[in-house]
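A look at the structure
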Amino acid sequence: MNQTLEDLVRRIDKPNVRYFRVSDLMRKYAEDDIDVATPDGFHYSVELHRRVGEALAREIADWA
């Protein structure tokens, strides 16, 4: 699914449509452990949520 979405974003080819990869953040801040990243099996941990928000905010600020 990730590859399909990434391909779709590439085909749309507009600067305001981007693919934001979270897996790199999971590797960095949750030691690439899905159980640490999603302690209830679905939702990101508080720490990962914060890190995703910070990274996304940087992307938006750089773009804006």
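Residues numbered from 1 in each chain as written. Predicted model: local features only at pLDDT ≥ 70, side-chain atom pairs only at ≥ 80, totals over all residues. Heavy atoms only, no water.

1. Some details on a negative patch on the surface
On the surface, E31, D32, D33 and D35 cluster together into a negatively charged patch. Among the structural elements, E31 can be located in the loop between α2 (23-29) and α3 (34-37). A relative accessible area of 70% means that E31 is categorised as exposed. (Patch = residues over 30% accessible without salt bridge, like charges linked within 9 Å, V, L, I, M, F, W, Y side chains within 5 Å. Areas by Shrake-Rupley, 256 points an atom, 1.4 Å probe, with all protein chains shown as cover. Salt bridge = Lys/Arg side-chain N within 4 Å of Asp/Glu carboxyl O. Lys, Arg positive; Asp, Glu negative; His and termini not counted. Charge placed at Lys NZ, Arg CZ, Asp CG, Glu CD. Helix = DSSP H or I, 4+ residues; strand = E, 2+ residues; numbered from the N terminus. Buried < 20%, exposed > 50% of the residue type's maximum accessible area, 1.4 Å probe, protein only.)

2. Points about the pattern of salt bridges
Within the structure shown, the criterion is met by eight salt bridges. Ionic pairing is found between D7 and R10, a salt bridge with its closest N-O pair at 2.9 Å. Residue D7 and its partner R10 are located together in helix α1 (residues 2-12), separated by three residues, close to a single helical turn. Here D7 falls in the partly exposed class, since its relative accessible area comes to 28%.

3. Here's the deal with unusual backbone geometry
The backbone phi angle of E31 is positive, close to 55°, even though this residue is not glycine. Phi at D32 takes a positive value of approximately 55°, unusual for a residue other than glycine. For D32, the location among the structural elements is in the loop between α2 and α3. The partly exposed category is assigned to D32, whose relative accessible area is 43%.

4. A few points about the nonpolar core
Among the nonpolar cores identified, the biggest contains eight residues, and these are V22, L25, M26, A30, A37, L48, V52 and A55. With three residues, the top contributor of residues to this core is helix α4 (residues 46-63). When residues no more than four places from it in sequence are discounted, the contact partners of A37 are M26, A30, H43, Y44, S45 and L48. (Core = buried A, V, L, I, M, F, W, Y, C linked by side-chain atoms within 4.5 Å. Contact = heavy atoms within 4.5 Å.)

5. Details of the confidence of the model for the protein
Residues at a pLDDT of 70 or more form 100% of the protein, whose mean pLDDT is 92. Here α2 stands out as the least confident element of the protein, with mean pLDDT 89; α1 is the most confident, with 95. (pLDDT = per-residue confidence, 0-100.)

6. A look at the side chain of T38
With respect to the secondary-structure elements, T38 resides in the loop between α3 and α4. T38 gets classed as buried once you look at its relative accessible area, which sits at 8%. When residues no more than four places from it in sequence are discounted, the contact partners of T38 are H43 and Y44.

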